Amino acid sequence: MENKKKFNIIRTQLYHSPCGDLILGSFGDKLCLCDWTIEKHRIAVDKRILQNLQACYEEKTSDTIEKAVRQLDEYFNRERTTFDIPLLFIGTEFQKNVWYKLMEIPYGKTISYGELAKLLGVPKAVRAVANANGANAISIFAPCHRVIGYITVGNPCRIIKLLPKDQK
């Protein structure tokens, strides 16, 4: 008798935003992925998600992805400032704390990595906070683009394009 390992399925779909292509992924009824297709951390993000969920990707839409597409369209058309899709963060507890805190940054506002570290109660962990911010797999919904530093992490052109979307 063959012993085949069964994998869970993460459904994925490409989304063409005005700032570049995003890959959206849903696991069950939660969004677990909204990441830029051309990003230096893509391989690490995929590895982390696939291993932790014991899953594989299947290019196929879902109700969750369809809702994410509608909300992203509204966001990029300046018709939406908040999101209401359930999210599934995959990472360490520290990373998850950072990502949840990102969601508390109001639309139209930016903060520094140092300010975010203080809000998290770890004022000396600025680099760790910056690394966790950069490892965020659910961009836009967990707005890592609202955290800025002296040296921009990520694609500066994309961040500059996204921030005006957040201006009232």
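The shown structure was predicted, so the numbers you read here are calculated from the model rather than taken from an experiment. (Residues numbered from 1 in each chain as written. Predicted model: local features only at pLDDT ≥ 70, side-chain atom pairs only at ≥ 80, totals over all residues. Heavy atoms only, no water.)

Peer 1: Before we move on, can you summarise the overall build of the protein with the specific residues and values?
Peer 2: Within the protein one finds 6 helices and 6 strands. Counted from the first residue to the last, the protein has its helices and strands arranged as β-β-β-α-β-α-α-β-α-α-β-α. Taken across its 168 residues, the protein has 44% of its residues classed as buried. Sequence-distant contacts in the protein: of pairs separated by 6 or more residues, those separated by 24 or more amount to 63%. (Helix = DSSP H or I, 4+ residues; strand = E, 2+ residues; numbered from the N terminus. Buried < 20%, exposed > 50% of the residue type's maximum accessible area, 1.4 Å probe, protein only. Contact = heavy atoms within 4.5 Å.)

Peer 1: Now, about the confidence of the model for the protein: what can you tell me, with residues and values included?
Peer 2: Across the protein, pLDDT averages 88, with 86% of residues at or above 70. Between the elements of the protein, mean pLDDT differs from a low of 52, seen in helix α6 (residues 156–165), to a high of 98, seen in helix α2 (residues 63–76). (pLDDT = per-residue confidence, 0-100.)

Peer 1: How would you sum up helix α3 (residues 93–102)? Please name residues and give values.
Peer 2: For α3, every residue scored as buried is listed here: Q95, V98, W99 and L102. Buried residues of α3, seen end-on, are gathered within an arc of 95° and therefore sit on one face of the element. (Arc of directions from axis to C-beta.)

Peer 1: Quick one: what's the story with the side chain of T12, residue by residue and with numbers?
Peer 2: Its location among the elements puts T12 in strand β1 (residues 8–17). The buried category is assigned to T12, whose relative accessible area is 7%. When near neighbours in sequence (up to four residues on either side) are disregarded, T12 contacts I23, L24, G25, Y57, E58, E59, K60, T61 and I65.

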